[in-house]
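Commentary on secondary and tertiary structure
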Amino acid sequence: MGVTRVLVANRGEIARRIFATCRRLGVSTVAVYTDPDAAAPHVAEADLRVRLPRVNDYLNPEALIAAARATDADAVHPGYGFLSENADFAAAVVDAGLTWIGPPVTAVRAMGSKIEAKKLMAAAGVPVLAELDPDTVTAEQLPVLVKASAGGGGRGMRVVRELAALPHEVAAARREAQSAFGDPTVFCERYLPTGHHVEVQVIADTHGTIWAVGERECSIQRRHQKIIEEAPSPLVERTPGMRAKLFDAARLAASAIGYTGAGTVEFLADISPSGDAEFYFLEMNTRLQVEHPVTEETTGTDLVELQLAVADGGRLDPEPPAAQGYSIEARVYAEDPARDWQPQAGQVHTIDVPGVRAQFETLGRRTGIRLDSGIVDGSVVSIHYDPMLAKVISYAPSRRQAARVLADALARTRLHGVRTNRELLVNVLRHPAFLDGATDTAFFDTHGLPTLAAPLCDAAAVRLSAIAAALADAAHNRATAAVFGSMPSGWRNLASGYQVKNFRDDNGHDHRVQYRFTRTGLELPDDESVHLVSCTADEVVLADGNGVACRIEAARYGDDIYVDSPHGSVHLVALPRFPEPGSAVEQGSLVAPMPGNVIRVGAQVGDTVTAGQPLVWLEAMKMEHTITAPTDGVLSQLAVGPGAQVEVGAVLARVDASPQQTEGVSQS
């Protein structure tokens, strides 16, 4: 009879993606959720939903199978992350009499341990990087990469360049691996600072057909986690014969473990000095990948539909569909790249990506934008799960056009609420090296993160945004005024003083805007070359001295004002005219950069500390984050301990600077 109701043992964007295909196929859907996800879009879009009692129950096989039984689901799709590559969960699903929409349990088990997977692939003739035991690594083998055996997505990964740092980094990797995957096993391998992360999408049916559907390049990474992926790979495109070798190796890997369903064989690839293609097996992901849409766009396939078909015993055609065109995917994360990739949490007020032609389905090889998003207006980003918000995907006949279309859509996106990596993505997509296909894994090191994470708006554009925010706010005040609402803000029959509004941007710069309305129009004493064309509470049109006008949108959420224009997006905070006494944070305070849980402290009150010394470790979004001493001095206050849950901006500790640090400071 086939699959009729699918429970997706996952959340967010991937759950919505699977539900979309199920709806098109007439298959009923079941969502699971925890309390932080109660209002999430994937929950509302399913036919049935089941609450999981605990925050970590996406990792609870018993709770997930109980949910499937309670809803009469006959199949389970694991999505990616969480238990998607957990062989015990796959076996439990099968033992419960349910269809596992994934590879055989034996294949999941064979690839579930990266340590054992390397040995198996080496025996099958697939080139691999040798696995190293963390306890026996020598100085001559440095640098090494610490990796979680059961993990992926950058969790549990650490680069170690000094032998003395290895024990600490291994311990941290084990904690992250346990938190994210329920398995603390880690191993080491030789670290190659440059190279290309190239992967092959495979699909195999139960009748012996194995497709190598196409390759993807995923070399633009931060913290060993991909943020921009594309198909086809620029490296493979310019290297004759490399695609055939990669496809052969990928099919060999799938065949060696009796693989069925959709999976990805990942390689670290490069070109040798002699010009030959070299690649090494990294791992096989026995699941759908985050970046699967770029393969769907270039091949015209629906990989989730193929997963369901294979699980139902269907046959693949003898040959896979041919790829054409170019597709690029950008992952939008709630994080601040300029501040050590700090994850962000809170409410997303608005998400509006312009020109979207498809959501959770292919563009049909039409040039344009596809959006696969885990959030909608009003969604709340939790500290408990991965900070990825959405994937914006482009398709075009040429790679440069695909990059240009994607960069433009991201730059014009209205994304209000939590801070994101949007500007970094735009800067990378527009960078000459990226456009030339020079996209190895050292891209950020080569071109400089400060440059790539720089705001899209220059100082003049930020100033213009502040003027627009002040005028829009004035229009809003008049529109909501109980009396004389039609009068301009601050208007007098005779000239009077200027109205003043103060804002602070995300870089900590303050902007003071003075204005007044007179019989002849708007006066801006500090910005005489700017002229007002029109103004409402939501939209301001300003012109320069040459008469060139610019439309600027403004949206306010309390003291937060988001200004969007062709120049880019600017977030401003309206400053009070009279700050509350005692509202300033004391000098030397360490504040929480994001909500999270304190897992460790590195000193006690009274200890002497040095600038940059780690003092507090926070866990947020399954990653560890270190809060360091701002200066040399004495730890005079420690407000938290292990196990404490803190909100963003909470004071964690305070360091009183040593006397030499304060010498020469005026006390007046």
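Residues numbered from 1 in each chain as written. Predicted model: local features only at pLDDT ≥ 70, side-chain atom pairs only at ≥ 80, totals over all residues. Heavy atoms only, no water.

1. Description of the pairing of strand E10 (residues 196-204)
In terms of residue burial, E10 counts as a mostly covered element, since nine of its nine residues are buried. Here E10 shows no split at all, with His-196, Val-198, Val-200, Val-202 and Ala-204 on one side and His-197, Glu-199, Gln-201 and Ile-203 on the other all buried. Across nine bridges, the pairing between E10 and strand E13 (residues 261-271) is antiparallel. Bridging across to E13, Gln-201 finds its partner in Thr-264. As paired elements, E10 and strand E11 (residues 210-222) share seven bridges and run antiparallel to each other. What sits directly across from Gln-201, in E11, is Gly-214. What sits between the antiparallel neighbours E10 and E11 is a turn of five residues, in which Gly-208 has the positive phi angle 100 degrees. (Buried < 20%, exposed > 50% of the residue type's maximum accessible area, 1.4 Å probe, protein only. Helix = DSSP H or I, 4+ residues; strand = E, 2+ residues; numbered from the N terminus. Pairing = 2+ DSSP bridges.)

2. Re the domain arrangement of the protein
For the protein, the domain assignment lists domain 1 (5-101), domain 2 (128-190), domain 3 (331-431 + 447-454), domain 4 (459-574) and domain 5 (589-657). Placing a centre on the C-alpha atoms of domain 3 and another on those of domain 4 gives a separation of 28 Å. Every contact between the two is made by 12 residues of domain 3 and, on the other side, eight residues of domain 4. With both chains or domains summed, domain 3 and domain 4 bury close to 830 Å², and 39% of this area falls on carbon and sulfur atoms. Of all residues in domain 3, His-349, Arg-414 and His-416 bury the most surface against domain 4, accounting for 46% of the area lost on that side. Our count for the contact surface shared by domain 3 and domain 4 stands at one salt bridge. Notably, a salt bridge pairs Asp-506 with Arg-419, separated by 3.3 Å at the nearest N-O pair. At the junction of domain 3 and domain 4, the tally comes to seven residue pairs in polar contact (both at pLDDT 80 or more). (Domains from an automatic or database assignment. Contact = heavy atoms within 4.5 Å. Buried area = accessible area lost by both parts, 1.4 Å probe. Salt bridge = Lys/Arg side-chain N within 4 Å of Asp/Glu carboxyl O. Polar contact = N/O pair within 3.5 Å; in protein donor to acceptor, adjacent residues only side chain to side chain.)

3. A closer look at the nonpolar core
If you look at the biggest cluster of nonpolar residues, it comprises 68 residues, and the most contacted ones within it are Val-6, Ile-203, Ile-228, Leu-410, Val-428, Phe-434 and Phe-444. By residue number, the principal contributor to this core is helix H12 (residues 399-412), which donates seven residues. Here this core gathers at least three residues from each of two domains, domain 1 (5-101) and domain 3 (331-431 + 447-454). Judged by nonpolar contacts, the second largest core, of 28 residues, contains Ala-110, Val-202, Val-236 and Met-242. (Core = buried A, V, L, I, M, F, W, Y, C linked by side-chain atoms within 4.5 Å.)

4. Quick notes on helix H7 (residues 166-181)
One full turn of an α-helix is made of 3.6 residues, so residues set three or four places apart face in the same direction. In this model H7 runs 22 Å from its N-terminal to its C-terminal C-alpha over 16 residues, within 8% of the 22 Å that 1.5 Å per residue would give. Among the residues of H7, Leu-166, Glu-169, Val-170, Ala-172, Ala-173, Glu-176, Ala-177, Ser-179, Ala-180 and Phe-181 are the ones counted as buried. Here the buried face of H7 lies against strand E7 (144-148), strand E8 (158-160), strand E9 (186-190), strand E36 (614-620) and strand E37 (623-628). Backbone geometry just downstream of H7 places Gly-182 in the positive-phi region, at approximately 75 degrees. (Expected span 1.5 Å × (residues − 1).)

5. Thoughts on unusual backbone geometry
Cis geometry marks the peptide bond from Leu-142 to Pro-143, where omega comes out at 0 degrees. Within the element layout of this structure, Pro-143 appears in the loop between strand E6 (131-132) and E7. A cis amide bond links Ala-231 with the next residue in sequence, Pro-232, at an omega value of -5 degrees. Tracing the chain through its elements places Pro-232 in the loop between strand E12 (225-231) and helix H8 (234-237). Its identity is not glycine, yet His-224 carries a phi of approximately 65 degrees, on the positive side. Mapped onto the secondary structure, His-224 falls in the loop between E11 and E12. Phi is positive for Arg-365, which is not a glycine, with a value near 60 degrees. Note that Arg-365 resides in the loop between strand E20 (356-359) and strand E21 (368-373).

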